[in-house]
Amino acid sequence: MIDYEINYKIIGEGEEILFIPGWNDNLHHFENIAKKIQNKKIILIDLPNQGNSKPLNIKLEMNDYILIINNFLLKNNLNPKVIIGHSFGGKLAFLYALKYKVNKLVLVAPSLVKNKSILTYLKIYKYKFYKFLNEKLKLNINLNKYGSKEYLSQKGIGKDNFIIATNNYYNKELNKLHIPTLLYYGKLDKVTPLKEGKYINKRIKNSRLVIDKKGDHFAIYTNQYQFINTLKEFIDD
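Remember, predicted model here, so these are calculated numbers, not experimental data.

A. Representation of the pairing of strand 7 (residues 207–212). For strand 6 (residues 181–186) and strand 7, the ladder comprises six bridges, and the chain directions are parallel. Considered in strand 7, the bridge of Y185 is made with I211. Between the parallel elements strand 6 and strand 7, the chain passes through helix 7 (residues 194–203) in a crossover that is right-handed.

This is how it looks when you write it as structure tokens:
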């Protein structure tokens, strides 16, 4: 087990709810929403190497994140039965719910399924091909033209962890989840498009899809009241 302390903050009292942020995100973005949710204890965390959590200079597989989160909860005597995850955090929330006891799940624009466009795949393979030429033939092709901004912003082992975080998909595991699940998507989301939400909704039997018609990938932050009202209705049902 990885012995690691993550940064966290707890807001409110009542039923415990865990929020897992996305990649390159931090707990402070959800803090404003947490303060508006009454009669709940909202547990906010920064993932390893994100926000104010300490650097962890090792390669992290998906299960490592799950074990770190669960270890944090056990150490602090926390037992949330509702988990909210945004983007990469939604992927982690899904995996956590498959492994541990959770009553309800809220997946906000989760990066769960492999559903990229042909153009996106071409860009990925072009980058990998040029990287291969650089390594094997000692060429000096400028890879900055081909890698994503998120990937290029990573340093050292961070690049490996970013690849692991973004290149694991769970299309085949969707039907293994049976707990009530709220899927929340922005209609204008270009990172995890609405079509992915519809795909997931068909495969998780006990799921409900809610669409923010004016929202993008960060719809929960730009239209907080709609998300909060939807969340309350789902949790208290």
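B. Broad picture of unusual backbone geometry. The backbone of N24 shows a phi angle near 60°, a positive value even though the residue is not glycine. By the secondary structure assignment, N24 is in the loop between strand 2 (15–20) and helix 1 (28–34). You can call N24 partly exposed: its relative accessible area is 48%. Look at N49: it is not a glycine, yet its phi comes out positive at around 70°. Tracing the backbone through its elements, the reader meets N49 in the loop between strand 3 (40–45) and helix 2 (62–75). When its relative accessible area of 34% is taken as the criterion, N49 is described as partly exposed.

C. Representation of the packing of aromatic side chains. This model, assessed by the stated rule, comprises eight aromatic pairs. Relative to Y170, the ring of F94 has its centre 6.4 Å away and its plane inclined at 45°; by these criteria the two rings are tilted. With F94 in helix 3 (residues 88–99) and Y170 in the loop between helix 6 (157–166) and strand 6, this residue pair connects regions lying 76 residues apart in the sequence. Per residue, the accessibility class of F94 equals that of Y170, and both read buried. The ring centre of Y169 lies 5.7 Å from the NZ or CZ of K91, which sits over that ring.

Rules behind the numbers
Residues numbered from 1 in each chain as written. Predicted model: local features only at pLDDT ≥ 70, side-chain atom pairs only at ≥ 80, totals over all residues. Heavy atoms only, no water. Pairing = 2+ DSSP bridges. Helix = DSSP H or I, 4+ residues; strand = E, 2+ residues; numbered from the N terminus. Right-handed = clockwise from strand over helix to strand, strands pointing away. Buried < 20%, exposed > 50% of the residue type's maximum accessible area, 1.4 Å probe, protein only. Phe/Tyr/Trp six-rings, centres within 6.5 Å; stacked < 30°, edge-to-face > 60°. Lys NZ or Arg CZ within 6 Å of the ring centre and 35° of its normal.

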